[in-house]
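Listed here are the chains, written in short residue letters.
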Amino acid sequence: MTFAPDPIARFLLAVAVIVLLSNLAGALLSRLRQPPIIGEILGGLLLGPSVLGAVWPAGQAWILPEHVLTTLDLAAQLGLVTFMFLLGCELRLSTVRARQRAIASVVTLSMGLPFAAGTGIALLSGDMMRGPAGDGIAAPLFFGLALSITALPVLARILLDLGLREGVGVLALACAAVGDVIMWGALTALFAVLAVTGAGHALLTLGLAALLPAVAVLVVRPVLAALVRRAGTEDRFVLPVLVTGALVFAAAGQLAGLHPLIGAFLFGTVVPRESAVIERIGHQLQGFTLMVLLPLFFAGVGLRTSVGLISGSAAHWLLFGAVLTIAVATKLLGGYGGARLGGLPRQDALRMGVLMNCRGVTELVVAAIGYQYHLINELGLTVLTLVALITTAATAPAMRLLQARSMTPSRAGR
């Protein structure tokens, strides 16, 4: 009699391996003074074709068979929906009013330059990174958007580790928050246009895309505010309402032809701020999401990311090098130039350029969406994943170097 492992047991074993490996790698990277999320992403890559698939293909196939991967993808979607809801809840734009000029100039240049350069290099690369649905200008525009990202949650963690809770740190977080709103808005518009083109129901699709934010602002926000006021310090009823609302808006985003993450993010932005109940619920959801659900997403990205796609071709190496150089240079120049136009001294402007380069998990999420919707292929996903990892890992060391230089007598910034 042959041994056939139970599908549920295989799924649970795969989750156990992913969670253990990702969190061990995260703990190791935190000892190296890197954000733990870098290690968690690397843990996902270790399970993919770049490492485990290359060293032990049979082991990878046994641990992560196709039917298990399908279930993991669904669980990862739940984790992403929760993550985007929490990101929307944490969005703070109060700083914008106080530093409008600086924020406007930094966001415009630090997003505009990478967007233009990313769109250009995607056009020049032809079909190398283009997916089956990336006809015309859609794939290059998406690629430009992906390169223009600054990851708000990872940036916040890096600034906390560096002790930059005011000044440049606060300004960088405000710029990242505004950039997130712009990026998700642009992504929403892009998917709305793609949905219109594919389905032919222009009025219905555009109407649903416009109705979702209107309902969120005009109906959901006042209802949630009243619920939180009545709840006081009791979160027994608030938690299921928030989770249900995030899932419903995620489903509505999918049905509207956009993406479930856009709906979840939108719902999070209308959740009341400065509430002890909301803050406590956020901590409750965050722990399980970051420790268990999000690593499943990282594993999914890792399984689709293959460094071998780059290493096997000189043209691919050249393309990756060009994308990485453009991604770093345009963010650095955009952040620095925007900060200088906003009145910041040179040293602070240089710090802004470095901080705006932190792309983190947000770029991975956007890259995975593009791959899921066939705008980019596996090479495009691999390039964006490696760019996200490298630029995020370089942010903290570069900032520590600038901090060390600023402590020595210098005329920089005068």
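Residues numbered from 1 in each chain as written. Predicted model: local features only at pLDDT ≥ 70, side-chain atom pairs only at ≥ 80, totals over all residues. Heavy atoms only, no water.

(A) Quick look at the packing of helix α9 (residues 152-162) against helix α19 (residues 378-406). Following both chains from N to C, one finds α9 and α19 inclined at 30 degrees, their axes separated by 11 Å at the closest point. Taken together, the axis directions place α9 and α19 in an arrangement best described as roughly parallel. In this structure, α9 meets α19 at a crossing whose hand is right-handed. For the pair α9 and α19, contact is made by Val154, Ile158 and Leu162 and by Thr392, Thr395, Ala396, Met399, Arg400 and Gln403, respectively. (Axes fitted to C-alpha atoms, helices over the stretch in contact; angles between N-to-C directions. Helix = DSSP H or I, 4+ residues; strand = E, 2+ residues; numbered from the N terminus. Parallel < 35°, antiparallel > 145°, perpendicular 65-115°, else oblique. Left-handed = near helix turned anticlockwise from the far one by under 90°. Contact = heavy atoms within 4.5 Å.)

(B) Local environment of the pattern of salt bridges. Under the definition given, this model contains 4 salt bridges. Between Asp73 and Arg304 there is a salt bridge; the shortest N-O distance is 2.9 Å. Here the residue Asp73 occupies a position in helix α5 (residues 66-90), and Arg304 occupies one in helix α14 (residues 276-304), the gap between them amounting to 231 residues. Classification of Arg304 by relative accessible area gives partly exposed; the value is 28%. The closest approach of N and O atoms between Glu363 and Arg359, which form a salt bridge, is 3.3 Å. Per residue, the accessibility class of Glu363 equals that of Arg359, and both read buried. (Salt bridge = Lys/Arg side-chain N within 4 Å of Asp/Glu carboxyl O. Buried < 20%, exposed > 50% of the residue type's maximum accessible area, 1.4 Å probe, protein only.)

(C) Molecular detail of helix α2 (residues 36-46). With 9 of its 11 residues buried, α2 lies for the most part within the structure. Among the residues of α2, Pro36, Ile37, Ile38, Gly39, Glu40, Ile41, Gly43, Gly44 and Leu45 are the ones counted as buried.

(D) Representation of the layout of surface pockets. Of the voids in this model, the largest pocket is the one considered here, and its volume is about 1,300 Å³. Lining the largest pocket are 42 residues, and of these Glu90, Pro153, Ala156, Arg157 and Gln286 lie nearest its centre. Listing elements by their share of the lining of the largest pocket, those giving two or more residues are α2, α5, α9, α10 (168-199) and α14. Sort the elements by how many residues they give to the lining of the largest pocket and α14 lands first, with 9 residues. (1 Å grid on protein atoms, 1.4 Å probe; cavity = no way out; pocket = protein on both sides within 12 Å on 5 of 7 lines; lining within 4 Å. Points joined across faces, edges and corners; volume = space filled by probe spheres on them.)

(E) Summary view of the packing of aromatic side chains. If you walk through the whole model with that rule in mind, you get 6 aromatic pairs. Ring plane angle 45 degrees and centroid distance 4.8 Å describe the contact between Phe191 and Tyr373, whose orientation is recorded as tilted. Separated by 182 residues along the polypeptide, Phe191 in helix α10 and Tyr373 in the loop between α18 (360-372) and α19 bring together distant segments of the chain. Residue classification places Phe191 among the buried residues on the basis of a relative accessible area of 1%. (Phe/Tyr/Trp six-rings, centres within 6.5 Å; stacked < 30°, edge-to-face > 60°.)

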